[in-house]
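Chain and residue survey
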Amino acid sequence: MHTGQIPILRIGTTLLASIQVELRDTTAQAFQEDVLKAIEKTRSRGLVIDITGLDMVDTFVARILTDTGRMAKLMGTETVLVGMRPEVAATLVRMGFSMQGVHTALNVDEGLALLPLLQSSQARS
Amino acid sequence: MAARVLSTQEIKITSEDEVVLVRRAVRALAERRGFDSFASAALTTAVTELGRNIWVHARSGLVIIEELEDGPRPGVRVEFRDQGPGIPDIGWAMAGGNSTSSSLGLGLSGTKRLVDEFQIQSEAGRGTSVRITKWKRF
Amino acid sequence: MTSTLEYMNKLGFTEQELASRRAYFQLADEDLARLAALRPFAERHNDAIVDAFYQELILKHSESRLFFTDQATLQRAITAQKRYFLELFSGAADLGYLENRLRVGTTHQRIGVAPKWYLGAYAHYLRLITERLLDEQGGSADTQAKVRSLQKIIFFDMAIAIETYIAAGLDALARHQAAIRELSTPVIQLYERVLLLPLIGTIDTARAVQVMESVLVRVVERQAKVIILDIAGVPVVDTRVANHLLQTTEAVRLLGASTVLTGISPQVAQTMVQLGVDLSKMHTRASLEEGLELALGLTGRCIRSKEG
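In this report, we go over the structure that sits alongside the text. This one's a predicted model, so the numbers in the text were calculated from it and none came from an experiment. (Residues numbered from 1 in each chain as written. Chains lettered and ligands numbered in written order. Predicted model: local features only at pLDDT ≥ 70, side-chain atom pairs only at ≥ 80, totals over all residues.)

**Considering the overall build of chain A**
In plain terms, the rule: We count a stretch as a helix when DSSP gives it H or I for four or more residues in a row; a strand needs E for two or more, and each element gets its number in order from the N terminus. The globule rule used for comparison is 2.2 Å times the number of residues to the exponent 0.38, while the radius of gyration itself is calculated over C-alpha atoms. Three exposure classes are used, all based on how many other C-beta atoms lie within 10 Å of a residue's own C-beta (placed from the backbone): buried at 20 or more, exposed at 12 or fewer, and partly exposed between those limits. Whether two residues are in contact is decided by their C-beta atoms, placed from the backbone, lying within 7 Å.
Looking only at helices and strands, chain A features 4 helices and 5 strands. Shown N-terminal to C-terminal, the secondary structure of chain A runs as helices and strands in the order β-β-α-β-α-β-α-β-α. Its C-alpha radius of gyration of 13 Å places chain A within 12% of the 14 Å reference for a compact globule of 125 residues. The principal-axis extent of the C-alpha atoms belonging to chain A is close to 35 × 30 × 25 Å. Looking at chain A as a whole, 45% of its 125 residues qualify as buried. Considering only contacts within chain A whose residues lie at least 6 apart along the sequence, 76% involve residues at least 24 apart.

**A few points about the overall build of chain C**
On a plain count of helices and strands, chain C comes out with 13 helices and 5 strands. Whereas a compact globule of 308 residues would reach a radius of gyration of roughly 19 Å, chain C reaches 31 Å, over 25% beyond that. Out of the 308 residues in chain C, the part that is buried amounts to 30%. When contacts within chain C are restricted to residue pairs at least 6 apart in sequence, long-range pairs at least 24 apart make up 81% of them.

**Considerations on the sheet that holds strand 3 (residues 46-50) of chain A**
All names here are of chain A. The condition is simple: Here, strands pair whenever DSSP counts at least two bridges between them. The axes are straight lines fitted to the C-alpha atoms, using for helices just the contacting stretch, and the angles between their N-to-C directions are given from 0 to 180°.
Ordered by their spatial adjacency, 5 strands build an open sheet running 1-2-3-4-5, and the pairing between neighbours is mixed. The open sheet is flanked by strand 1 (8-11) and strand 5 (103-105), the only strands paired with a single partner. Neighbour to neighbour, the strand axes of the sheet diverge by 25 degrees on average, direction disregarded.

**What to know about the pairing of strand 2 (residues 61-70) of chain B**
All names here are of chain B. For strand 1 (residues 4-13) and strand 2, the ladder comprises 9 bridges, and the chain directions are antiparallel. Considered in strand 2, the bridge of Arg4 is made with Glu69. Relative to strand 3 (residues 73-82), strand 2 runs antiparallel, the two sharing 10 bridges. Bridge pairing in strand 3 links Gly61 to Asp82. In textbook terms, the turn of a hairpin is the stretch between consecutive antiparallel strands, and for strand 2 and strand 3 this stretch comprises 2 residues, one of which, Gly71, has a positive phi near 70 degrees.

**Concerning the interface of chain A and chain C**
So the rule is basically this: Charged means Asp, Glu, Lys or Arg here, nonpolar means Ala, Val, Leu, Ile, Met, Phe, Trp, Tyr, Cys or Pro, and polar covers whatever is left, Gly included.
Counting from both sides, the interface comprises 15 residues of chain A and, opposite them, 15 residues of chain C. Among the elements of the structure, helix 3 (86-95) and strand 5 of chain A are those that each provide at least two residues to the side of chain A that touches chain C. By residue class, the composition of the side of chain A that touches chain C is 10 nonpolar, 3 polar and 2 charged.

Following this line, the structure appears as structure tokens:
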């Protein structure tokens, strides 16, 4: 399901969004809206954002991703960011942007495996 | 010895589309001159940040992309010029920015760490000029 | 090895550059025409001149003689030299000519012939051929013009030879440096999903950057969940080094993996706390052993003794 360029798949109570396109500012913002709408519509408890396809993440996109995670959390959904490329990670930390508060995993499988742990600790708190 | 300019490209910024063009042009240049993926990502990110600043804060500007050579060493230099509001206190902006213009502040100081040379000139009401250079690492 | 075409790109040898060089060395079309007209003369005297050049200069000089260990090598060099000097009289100084000269410089660098040898050779050759030219054709204005044209093209050639020699040397240097960097950050796979990087020696900024990049590439390549950085072999761990390690840890976290820092001696522990470095976000252990146990635990494994 998607109105924008980034497809959002549903796997049980989890949403999987795979970003393959070059992210312009407007595309990133549209993505954020699409994701939140999808969470509301499907009542998903988990969100995995796969950025294996991104060869560049600047502060704008980094902020969108971090904010999306926070917004999803307010709606009761845990988010895991997966597949960041080495050069993207290096660039972000060099800029001083370490995306604190965002959960990360190596790939989609690991992300899906991490969600239950995050969700159970959320339930306890 | 001063660096030699091998080629120049000018791109006028009037919309978000041109920022994307700048990014693609710089990435293509870095790849052509054999920059490694880390250096290329750093450079591409830096120009996207600075190009966006023009678009967001000044709405129009000019980007000049130069292919350099210092002896055998390739480099890329990009200059960003706009006639926007300018930055009244560069030191303050570069020191990590503030909450309202946090995008500008973090963008500038963070961008500086991604490149080898960083020069900025700005005056309130007179516009801004930022020039960055990145050399290929041996 | 880089091809001559790649070198031409590297050194910026375009039509524009060629024109600029010719202008600077004042190598005009009429000079080239004069040289072309001199070709028969050059052909008549080339063999004698190059042979004399080797007998009088190269082989008499103890250091240069060392390059020619056997007859075969000497013969090959002489043949190549004769061909090279004849080309001075080809009447062309286009990109093709440039490419030829370029090959000479890169060959010299590769076999270790320093500029002093071939610059000395150029000077000697110029002297020998000028003598013969003046002998044969007298000291007229016309002959003097020919000598000047010859000087121009020889200096033109020398510049190219030196520049390509330098470029080839820098190339070799870059390859060596890359190899050293690779060797100094050996990332080892200890177990499935567990990597180890033993850091040995001083970590300056350049090395720290290289360490971070190697670590990130390997973590993604092997999809490792944990990387152990052992710093027992790092002599000085100050705020700067600690910050580099912290930055690497943050980057590894962004990839979805975690870092365990091991090899922390009491001295390093004291320094870190006294300097106010906050390593609380990192997993840290005193010894590699303990770090390994932790890493295994983080990947859902443990070490068990065998029964009995």
